[in-house]
Amino acid sequence: YKLRYEVDIHSFEESNAQTLILVNPDDFKQVVENIVSNAEKHGFNEGRNDYEIIISVSCDRLSELVVFEFRNNGAPAPVMTTEQFALSGWRTPVNGSKGDGEGGAYISEMTRNFKGQFTPPITLESESGKIETTITISFPAMIKLDDNE
C-alpha cells in the first residue's frame, strides 16, 4: 500500500508564531501505528494493489485544534459508536478480523490523556467516488510566539 502525507501549510501560518501540540512522542507514534495497522488488518484484505493511507494535518484556528485525519480506501469500517471504539477488548468480527480490540481503546485513552478528541472510523464516498474510511484525532493547539519578532 501507499502511505501519503498532506499538510495544510496555510492553516498553520501566522507571521510570528509556532503551532505546537503537547503529547508524549512515544504515545503519539503508537497511536499512528495503531491506526495504520488497523487499516492494514481490517481494510486491506481483498488482494488489491491500489490500497492507500492518507494522513492529513491541519490547524483549525477557530477551535484552536491541530487535526490529524487518517483516510484509507480499504474495506468499509463497521458502524460503531465512540463508546464501542474506546472500549477495551471490544471488536467487531468484520472481514475475518482477528484483532484483540485494544487498538481503539489505546487511541481513545491516549487522546483523552492529552486533552484531545477523536472520532471512530467513518466510511463515506469521497468526492472522486471512492469509498474512504476516516478516523480523526485532534489536540489543543498551543501557539508559541516567536521572541525574535
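Here the structure is shown first, and the text comes after it.
So, a few notes on the structure that sits alongside this text. Please read all numbers here as calculations on a predicted model, not as lab measurements.

Thresholds, definitions, all that
- Residues numbered from 1 in each chain as written.
- Predicted model: local features only at pLDDT ≥ 70, side-chain atom pairs only at ≥ 80, totals over all residues.
- Heavy atoms only, no water.
- Helix = DSSP H or I, 4+ residues; strand = E, 2+ residues; numbered from the N terminus.
- Contact = heavy atoms within 4.5 Å.
- Polar contact = N/O pair within 3.5 Å; in protein donor to acceptor, adjacent residues only side chain to side chain.
- Patch = residues over 30% accessible without salt bridge, like charges linked within 9 Å, V, L, I, M, F, W, Y side chains within 5 Å.
- Areas by Shrake-Rupley, 256 points an atom, 1.4 Å probe, with all protein chains shown as cover.
- Salt bridge = Lys/Arg side-chain N within 4 Å of Asp/Glu carboxyl O.
- Phe/Tyr/Trp six-rings, centres within 6.5 Å; stacked < 30°, edge-to-face > 60°.
- Buried < 20%, exposed > 50% of the residue type's maximum accessible area, 1.4 Å probe, protein only.
- Pairing = 2+ DSSP bridges.
- Axes fitted to C-alpha atoms, helices over the stretch in contact; angles between N-to-C directions.
- Left-handed = near helix turned anticlockwise from the far one by under 90°.
- Nonpolar A, V, L, I, M, F, W, Y, C, P; charged D, E, K, R; others polar.

1. Some words on the side chain of Thr111
Position of Thr111 among the secondary structure elements: in helix α4 (residues 103-113). In this view, Thr111 contacts Gly116, Gln117, Phe118, Ile137, Ser138 and Phe139; residues no more than four positions away in its chain are not counted.

2. Thoughts on the side chain of Arg71
Among the structural elements, Arg71 can be located in strand β4 (residues 65-72). A polar side-chain atom of Arg71 sits 3.0 Å from a polar atom in the side chain of Ser56.

3. So, a nonpolar patch on the surface
Taken together, the side chains of Tyr1, Leu3 and Tyr5 make up a nonpolar region of the molecular surface, amounting to roughly 350 Å² of accessible area. If you trace the backbone, Tyr1 turns up in the segment before β1 (2-7).

4. Thoughts on the packing of aromatic side chains
Following the criterion strictly, the structure yields five aromatic pairs and no others. Judged by centre distance (5.5 Å) and plane angle (50 degrees), the rings of Tyr1 and Phe44 are tilted. Here the residue Tyr1 occupies a position in the segment before β1, and Phe44 occupies one in the loop between α2 (25-43) and β3 (52-60), the gap between them amounting to 43 residues. Tyr1 sits in the partly exposed class, given a relative accessible area of 47%. Judged by relative accessible area, which is 14%, Phe44 ranks as buried. Connected via pairs of aromatic rings, a cluster forms that spans Tyr1, Phe44 and Tyr51.

5. Notes on the pairing of strand β2 (residues 17-20)
Judged by which residues are buried, β2 turns out to be one-sided: Ala17 and Thr19 face inward and are buried, whereas Gln18 and Leu20, on the alternate face, are not. In this structure, β2 lies alongside strand β7 (residues 142-145), joined through four bridges in antiparallel fashion. Its bridge partner lying in β7, Gln18 is registered against Lys144.

6. So, the pattern of salt bridges
For the structure shown, the criterion picks out eight salt bridges. The partner of Arg71 in a salt bridge is Glu6, with the nearest N and O atoms 3.5 Å apart. Of this pair, Arg71 sits in strand β4 while Glu6 sits in strand β1, and the two are 65 residues apart along the sequence. For Arg71, the salt bridge is made with Glu69, and the minimal N-O distance between the two is 2.9 Å.

7. Some points on the packing of α2 against α4
At a minimum axis distance of 10 Å, the contact between α2 and α4 shows a crossing angle of 145 degrees. Crossing angle aside, the handedness with which α2 passes α4 is left-handed. Only Gly103, Tyr106, Ile107 and Met110 of α4 make contact with α2, whose side of the interface consists of Asp27, Phe28, Gln30, Val31, Asn34 and Ile35. The residue makeup of the contact of α2 with α4, split by class, is six nonpolar, three polar and one charged.

8. Let's talk about the environment of Glu69
Counting through the fold element by element, Glu69 comes out in strand β4. Between the C-alpha atoms of Glu69 and Ile135, which are 66 residues apart in sequence, the distance is 6.0 Å. Residues contacting Glu69, with those up to four places away along its chain left out, are Ile54, Ile55, Ser56, Thr134, Ile135 and Thr136. Polar side-chain contacts of Glu69 include one of 2.9 Å to the side chain of Arg71.

9. Thoughts on the sheet that holds β4
Strand order in the open sheet formed by five strands is β1-β3-β4-β6-β5, with mixed pairing between adjacent strands. In this open sheet, the two edge strands, each paired with only one partner strand, are β1 and β5 (117-125). Direction aside, neighbouring strands of the sheet carry axes that sit 15 degrees apart on average. This element, α4, spans β5 and β6 (131-140) of the sheet and lies at about 30 degrees to β6.

Take it as geometry only, folks, not as evidence of what the structure does.
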